[in-house]
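Notes for the structure review
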Amino acid sequence: MANIIDGKAISLQIKDEVKAKTARLKEAGIEICLAVIQVGTDPASSVYVGNKKKACEYCGIRSESYELPEETTEDELIGLIERLNSDTAVNGILVQLPLPSHINEDRVIMTIDPSKDVDGFSVNSVGALCIGRKGFRSCTPAGIIELLKRSNIEITGKECVVIGRSNIVGKPMALMMLQENATVTIAHSKTADLKSVAKRADILIVAVGKPKMITSEYVKDGAVVIDVGIHRNENNKLCGDVDYDDVFDKCSYITPVPGGVGPMTIAMLMYNCVVNM
Ligand code: GUN
């Protein structure tokens, strides 16, 4: 039977640490401000952006909200980011993804001043991670490292398999586990015999984007299973990439959906807003 990793509780700990830091900064006359930009009205993005703004309020971070219409041009968005780059009152800039298809995401991300890239998506931030330099860490994988550490799960020397190779989760996740001295494999949709690769893992991190794809056949006895996915099933209930009920008895630790990785992404965004202060 697995221990359930409580992402809600751990994310609250982190947000409370951030809140304590912003309170100390406020006493010294320093206010932290995050600019949050959303283009269009994608409902999932609106929920995420709303949760980010709520977290800012909880943590004592001022949020500046920019809700731009779907038809905003790339140049208009770039112009706003350039203005926020030079606004010394703004510490962090977050552009919610995905952007409408007429806007080049890469160009937008690369416009954000690296010193304000609290999402950790820029080439500077990812490059710094790759060579072990200080820099903003992408929030979801950084949150997973915190979940493991604060649950006292040893990483050094462990076999870690990351399933998924996105720029936001899979790749930075693998780099962070490598930095924590795990032996790391990145598996993906073209991996041959995914089941046997996944079964090597002491720590299995799943970011495939397919509801309940990972069953007990992919999991070694006693493995730690981290589920990054979030979907609505046929009954409108939330579920992850992992078939939770099927793997539960096989693993030593597991993250639930909801209440596992999800809340950590926002907590680490808050952390990134104050990390250099
Ligand atoms: N879209 C999905 N996840 C994220 C995230 O962590 N940051 C931003 N900016 N957009 C996202």
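Described below are features of the structure shown in this document. (Residues numbered from 1 in each chain as written. Predicted model: local features only at pLDDT ≥ 70, side-chain atom pairs only at ≥ 80, totals over all residues. Heavy atoms only, no water.)

A few words now on the environment of T183. The residue T183 is located in strand β6 (residues 183–187) in this model. Taking relative accessible area as the criterion, T183 reaches 42% and is therefore assigned partly exposed. In sequence terms T183 and V161 are 22 residues apart; their C-alpha atoms lie 8.4 Å from each other. (Helix = DSSP H or I, 4+ residues; strand = E, 2+ residues; numbered from the N terminus. Buried < 20%, exposed > 50% of the residue type's maximum accessible area, 1.4 Å probe, protein only.)

With parallel pairing, the 3 strands of this open sheet are ordered in space as β3-β2-β4. Edge positions in the sheet fall to β3 (62–68) and β4 (92–95), since each of these pairs with one other strand and no more. Each neighbouring strand pair of the sheet contributes to a mean axis angle of 15°, computed without reference to strand direction. Judged from the 7 bridges that link them, strand β2 (residues 33–39) and β3 form a sheet pairing that is parallel. By the bridge assignment for β3, V36 is matched with S65. (Pairing = 2+ DSSP bridges. Axes fitted to C-alpha atoms, helices over the stretch in contact; angles between N-to-C directions.)

Moving on, we come to the site of the ligand. In the neighbourhood of the ligand, the contacting residues comprise K52, L94, V95, Q96, L97, D119, F121 and T265. A distance of 2.8 Å separates a nitrogen atom of the ligand from a polar backbone atom of V95. One nitrogen or oxygen atom from the side chain of Q96 is found 3.3 Å from a nitrogen atom belonging to the ligand. Burial of the ligand by the protein amounts to 81% of the accessible area it has alone, namely 270 Å². In terms of residue class, the shell around the ligand is made up of 4 nonpolar, 2 polar and 2 charged. (Near = heavy atom within 4 Å. Polar contact = N/O pair within 3.5 Å; in protein donor to acceptor, adjacent residues only side chain to side chain. Areas by Shrake-Rupley, 256 points an atom, 1.4 Å probe, with all protein chains shown as cover. Nonpolar A, V, L, I, M, F, W, Y, C, P; charged D, E, K, R; others polar.)

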